[in-house]
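What follows is the residue order along each chain.
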Amino acid sequence: MIREIGDFQTIWKYESESTMKLFALLNEATFNTVVHPKIRTLRNLAWHIASTPIEMLKLAGLPMSGLNHEDEAPLNPQGIIDAYEIAIAQVNLNVPKWSNADLLDKVNMYGENWTKGTVLDVLIKHQAHHRGELVMLMRLQNLPVIGVYGPTFEEWKQIGMEPQV
């Protein structure tokens, strides 16, 4: 659980920068490829990741603006990057409007009562979860990926170690 705004800001900075690095590796050739009928396209999954911070924090009571998660996903990877930059800026601007004490306040989130600290915690975990899905989809389409919490297959080789398979 997030107990202090400063802790969230530190974690959010790393997580959002990692997401942005991954978005930068998307390309138009694979953006709308359907790899399985029950799996989102890179376009729709990236849009979900990019737009959720606005949707979730607005639902929690912060004055978020700039994009609407219900809008159609941008048509190209740069549109995702532009939208996510808006989301990052909105998070950085609005989350500090809450005090550390506010993080214990409860809000209705998706039919449940969560503390605002839980909202921030879930926001980070939600992004990490879907970023993992994005990496797998990118791998299936032979796109490069980055290691976020540890090296990728290619990064193991770059540091002179045998990749684990």
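Residues numbered from 1 in each chain as written. Predicted model: local features only at pLDDT ≥ 70, side-chain atom pairs only at ≥ 80, totals over all residues. Heavy atoms only, no water.

### Section: the packing of aromatic side chains
The description of an aromatic ring pair rests on the distance of the ring centres and on the angle between the ring planes. All told, the structure shown has 4 aromatic pairs when counted by the stated rule. Considering the side-chain rings of Phe-8 and Trp-12, the 5.9 Å spacing of their centres and the 15° angle between planes classify their relative orientation as stacked. You can see Phe-8 and its partner Trp-12 sitting in helix α1 (residues 5-23), 4 residues apart, about one turn around the helix. Comparing Phe-8 with Trp-12 shows no difference in burial state: the two are buried. Residues Trp-12 and Tyr-84 carry aromatic rings whose centres are separated by 6.5 Å and whose planes lie at 55° to one another, so their mutual orientation is tilted. Of this pair, Trp-12 sits in helix α1 while Tyr-84 sits in helix α3 (residues 77-94), placing them 72 residues apart in sequence. Side by side, Trp-12 and Tyr-84 carry an identical accessibility label, which is buried. Each residue in the set Phe-8, Trp-12, Phe-23 and Tyr-84 is aromatic and connected to the rest through ring pairs, giving one cluster. (Phe/Tyr/Trp six-rings, centres within 6.5 Å; stacked < 30°, edge-to-face > 60°. Helix = DSSP H or I, 4+ residues; strand = E, 2+ residues; numbered from the N terminus. Buried < 20%, exposed > 50% of the residue type's maximum accessible area, 1.4 Å probe, protein only.)

### Focus on the side chain of Asn-94
Tracing the backbone through its elements, the reader meets Asn-94 in helix α3. A relative accessible area of 0% means that Asn-94 is categorised as buried. Reaching out from Asn-94, the side chain makes a polar contact with the side chain of Lys-97 at a distance of 2.7 Å. Not counting residues within four places of it along the chain, the set of residues in contact with Asn-94 comprises Leu-62, Pro-63 and Met-64. (Polar contact = N/O pair within 3.5 Å; in protein donor to acceptor, adjacent residues only side chain to side chain. Contact = heavy atoms within 4.5 Å.)

### A few points about the nonpolar core
Proteins that are soluble and globular tend to have nonpolar side chains buried together. Residues Phe-8, Phe-23, Leu-57, Leu-120 and Leu-134 are the most contacted members of the largest nonpolar core, which totals 48 residues. Of all the secondary-structure elements, those providing two or more residues to this core are α1, α2 (42-59), α3, β1 (106-109) and α4 (116-140). In terms of residue count, the dominant contributor to this core is α2 (9 residues). Setting aside residues no more than four positions away along its own chain, Leu-134 makes contact with Leu-22, Phe-23, Leu-26, Leu-42, Leu-45, Ala-46 and Ile-49. (Core = buried A, V, L, I, M, F, W, Y, C linked by side-chain atoms within 4.5 Å.)

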